[in-house]
Amino acid sequence: MNKAPLHSRSPRRQPVPDAAPVPVVPPTGAPVLPAAPGRARRWLARRPGPLWALAGALLAVAAILVVDRYPAGQRPLTQDDIDQAVRVSLEKEPLPSAAARAYDAILPSVVRVVGLMDEKDDGEDKAEQRAMERSLGTGVVIVDNGTILTNLHVVWGAKKVRVRFANGHESEATMIGAQPENDLAVLRATSLPDDLEAATMRSTADLRPGDHVIAVGHPFGIGPSASYGVVSGLKREFRSAEGEKTLTNLIQFDAAANPGNSGGPLVTMDGHVVGVVTAILNPSEQRTFIGIGFAVPIENAASAAGMPPF
């Protein structure tokens, strides 16, 4: 007997091709992970639990990193925080003024100059009288071999010249050059202190009225002293009280200068020498400062020392 072919009582299922990935929608707030291909996708769809555990672990690590970077009670620094810290620091330790920095820069190069009128004179007494008599003044070292610029009237007629450097070292000096038309003298010290520093000179080509300057010297023998002011004018003329000499092309300034400042440096805020103080306007007999001083431009002073122009 022929047997009938066997058939399943349920309809045969046709193979279903892989459909587009179906995203697993996690609970609110949980990350949505990309669908995995093939069998792995179906496994993950049936087992979402491990995914949320992994996501929770990642969030916990991120939280730990944030807390470690910004401990409890702290927050990231802002520009306002930095500005406030700078203000507090400046209030506790204020920065020196521009004039103070200029003074510190020029001080190692400033010397006290005394013209001695006889062999027995050591130049230590009557400093105020010497300044009034124009035999006590100031100088500035322009070459570290002991070359010093000062005013000619400070050493004119002196039997000897004595200089005292900023560190207290004293030495005799000889005049090696002069420029009478600018009231300038060039000295050379016979002995030098250790590590002598020469001043830095600067051209006056860009100097303008209103620029801040300091005058450094030994007014009435007191010093070294600094006074602060501005350039009042350029290319000025000055006639001596006796009317015997007229100085030209001068820098006018209003930083206080008195007898004893003669020959000292006129210094810009960057610590550079732009002139040599040489005279003050004195309509009265007291010869005290009334607000107008004059300095020889450093170009003239450098040429007196045989140095090349700027």
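Residues numbered from 1 in each chain as written. Predicted model: local features only at pLDDT ≥ 70, side-chain atom pairs only at ≥ 80, totals over all residues. Heavy atoms only, no water.

(A) Region of the structure containing the overall build of the protein. Check the secondary structure of the protein and you find seven helices and twelve strands. Within the protein, buried positions represent 35% of all 310 residues. Look at the contacts in the protein between residues 6 or more apart in sequence, and 61% of them connect residues 24 or more apart. Of the roughly 18800 Å² that the protein leaves accessible, carbon and sulfur atoms contribute 56%. (Helix = DSSP H or I, 4+ residues; strand = E, 2+ residues; numbered from the N terminus. Buried < 20%, exposed > 50% of the residue type's maximum accessible area, 1.4 Å probe, protein only. Contact = heavy atoms within 4.5 Å. Areas by Shrake-Rupley, 256 points an atom, 1.4 Å probe, with all protein chains shown as cover.)

(B) Structural context of unusual backbone geometry. In the segment running from Gly223 into Pro224, the intervening peptide bond is cis, with an omega of 5°. Following the sequence through the fold, Pro224 ends up in the loop between strand S7 (212–217) and strand S8 (225–239). Within the chain, Asp183 stands out as a residue other than glycine whose phi angle is a positive 55°. By the secondary structure assignment, Asp183 is in the loop between strand S5 (170–179) and strand S6 (184–189). By relative accessible area, which is 6% here, Asp183 ends up buried. Look at Asn249: it is not a glycine, yet its phi comes out positive at around 55°. Here Asn249 is to be found in strand S9 (residues 246–253).

(C) Focus on helix H4 (residues 98–106). Residues of H4 that are buried: Ala99, Ala102, Tyr103 and Ile106. For H4, the angular spread of buried residues about the axis comes to 100°, placing them on one side. Among the structural elements, strand S1 (110–116), strand S2 (136–143), S7, S8, strand S10 (265–268) and strand S11 (273–280) are those in contact with the buried residues of H4. (Arc of directions from axis to C-beta.)

(D) Quick look at the packing of aromatic side chains. Overall, the coordinates contain one aromatic pair when judged by the stated rule. Centroid distance Phe238 to Phe294: 5.4 Å. Interplanar angle 40°. Geometry classified as tilted. In this pair, Phe238 sits in strand S8 while Phe294 sits in strand S12 (residues 293–297), placing the two residues 56 residues apart along the sequence. On the basis of relative accessibility, which here comes to 6%, the residue Phe294 falls in the buried class. (Phe/Tyr/Trp six-rings, centres within 6.5 Å; stacked < 30°, edge-to-face > 60°.)

(E) Representation of the sheet that holds S11 in the model. Pairing is antiparallel around the closed barrel formed by six strands, whose spatial order is S7-S8-S9-S12-S11-S10. Between one strand axis and the next, the sheet turns through 50° on average, direction left out of account. Running over the sheet, H4 touches S7, S8, S10 and S11 and is turned about 40° from S7. (Pairing = 2+ DSSP bridges. Axes fitted to C-alpha atoms, helices over the stretch in contact; angles between N-to-C directions.)

(F) Structural view of the pairing of strand S4 (residues 160–164). Direction of pairing for S1 relative to S4: antiparallel, over a ladder of five bridges. Within S4, the position partnered with Gly115 by the bridge is Val161. Connecting S4 to the next strand, S5, in antiparallel fashion are five residues, including Gly168 with a positive phi near 95°.

(G) Quick look at the sheet that holds S4. Taken in spatial order, the six strands close into a barrel running S1-S2-S3-S6-S5-S4, and their pairing is antiparallel. Neighbour-to-neighbour, the strand axes of the sheet open up by a mean angle of 40°, direction not taken into account. Sheet topology places S4 next to S5; four bridges connect them, and they run antiparallel. Within S5, the position partnered with Arg162 by the bridge is Glu172.

(H) The confidence of the model for the protein, seen in detail. Looking at the protein, the pLDDT average stands at 80 and 71% of residues meet or exceed 70. Here residues 29–33 is a poorly scored stretch, pLDDT under 50, and it has six contacts once near neighbours within four places are set aside; other chains count. (pLDDT = per-residue confidence, 0-100.)

(I) Local environment of the pattern of salt bridges. A complete count under the given rule lists five salt bridges for this structure. Two residues, Glu170 and Arg164, come together in a salt bridge whose shortest N-O distance is 2.9 Å. Across the salt bridge formed by Asp270 and Arg202, the nearest N and O atoms sit 3.3 Å from each other. Here Arg202 lies in the loop between S6 and S7 and Asp270 lies in the loop between S10 and S11, a separation of 68 residues in the sequence. (Salt bridge = Lys/Arg side-chain N within 4 Å of Asp/Glu carboxyl O.)

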